Amino acid sequence: MGEQADVQRLDDAAVEPRLARLDAVLGQLEQTPGRTAELALEAVEVLTEVYGEALARVTDLAADSGGALDRLTDDELLRHLLLLHRIHPDPLDRRVARAVDDLRPQLRKQGAEIAFVGVRDEVARISLSASSCGGGGAALRDLVREQVLTFAPELSAVDVAAPAPAPALIPVAALWQRPDRTAAATSEAEQAAGPLALGGTA
């Protein structure tokens, strides 16, 4: 059996412009009238379905092999394709949590903290707090939304809000006062003040 020829591999930086070019070409085809353009789009759709099925079979095989599935989902291009074909093995909340974890180091360099609150009714809730004020807040929120939707495109919305304020602290002195004693002390003070304190006349 002969040696397999070397196949040129593309890194992520090389893949990105090719995906952008593909989107542009498909956009042109959609706007081109005629049967030829319709056949081209149909060919792309069928080819996508076949490759999606092949990718699904790969993930099924990888699920039986230790950390192979994790390596597949760690790859940016493969993760994108798994999401595109809706065959990503991780549940929705786990993918959102991972998006938040991936963003955390970048946001901390900008003085912001991020936390995953939860997912409910197809809406992801993210807590974001920034130490500095100004116009950067909106940009950071947009960055978070874009990242989360990249990992979970089936979400209907991403709610990015400031964390809930901490509950007010109860003074230590108040912990030693019993409600019944406080009420009794108030009653004794009113009695000692006499009828004038109650609005009467002497």
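Here the residue numbering is sequential within each chain, running from 1 through the sequence in written order. For a predicted model such as this one, the threshold for reporting local features is a pLDDT of at least 70, and the threshold for listing and counting side-chain atom pairs is 80 or more; totals across whole chains, interfaces and linings nevertheless cover every residue. Only hydrogens and water are set aside when side-chain values are computed; all heavy atoms of the structure are taken into account.

Participant: Help me understand helix α4 (residues 76-84) in this model?
Facilitator: Quick reminder: α-helices carry 3.6 residues per turn. Residues three or four places apart thus point the same way. When a residue's accessible area, from a 1.4 Å probe over protein chains only, is under 20% of the maximum for its type it is buried; when over 50% it is exposed; and in between it is partly exposed. Strands here are runs of E lasting at least two residues and helices are runs of H or I lasting at least four, both read from the DSSP assignment and numbered beginning at the N terminus. Every buried residue of α4 is accounted for by R79, L82 and L83. Here the buried residues of α4 occupy an arc of 95° about the axis, which is enough to place them on one side. Two N or O atoms form a polar contact when they lie within 3.5 Å of each other; inside protein one atom must be a possible hydrogen donor and the other a possible acceptor, and for residues adjacent in sequence the pair counts only when both atoms belong to side chains. Two to three positions downstream of the cap, the backbone nitrogen of L77 sits 3.0 Å from a side-chain oxygen, assigning the N-cap of α4 to D75. Of the residues flanking the end of α4, it is R86, one or two places downstream, whose phi is positive at about 55°. The arc in question is formed by the directions pointing from the helix axis toward the C-beta atoms.

Participant: Mind showing me how you'd approach the nonpolar core here?
Facilitator: Soluble globular proteins tend to bury their nonpolar side chains together. Buried Ala, Val, Leu, Ile, Met, Phe, Trp, Tyr and Cys residues form a nonpolar core when they are joined through side-chain atoms within 4.5 Å. Membership of the largest hydrophobic core comes to 18 residues, with the highest contact counts inside it found for L107, I114, I126, L128, V144 and V148. Top element by residues in this core is helix α5 (residues 92-109). It accounts for five residues. When near neighbours in sequence (up to four residues on either side) are disregarded, I114 contacts V100, L103, R104, L107, I126, S127, L128 and V144. Contact definition: two residues touch when any of their heavy atoms are within 4.5 Å.

Participant: Would you mind going over the packing of helix α1 (residues 12-31) against helix α2 (residues 35-62) with me for this structure?
Facilitator: To characterise two packed helices, one gives the angle between the axes of the helices and the distance between these axes. A fitted line through C-alpha atoms serves as each axis, taken over the contacting stretch for helices, and the angle formed by two N-to-C directions is quoted from 0 to 180°. Put simply, α1 and α2 touch, their axes get as near as 8 Å, and they point 140° apart. Considering the angle they form, α1 stands oblique to α2. Seen along the crossing, α1 lies across α2 with a hand that is left-handed. Of the residues in α2, those in contact with L26, L29 and E30 of α1 are A37, A40, L41 and V44. Looking at the contact of α1 with α2 residue by residue, the class counts come to six nonpolar, no polar and one charged. The cut-offs work like this: below 35 degrees is roughly parallel, past 145 is roughly antiparallel, 65 to 115 is roughly perpendicular, and the gaps in between are oblique. Crossings are assigned a handedness: left-handed for a near helix turned anticlockwise from the far helix by less than a right angle, right-handed for a clockwise turn. Ten residue types, Ala, Val, Leu, Ile, Met, Phe, Trp, Tyr, Cys and Pro, are classed as nonpolar, four, Asp, Glu, Lys and Arg, as charged, and the remainder, Gly among them, as polar.

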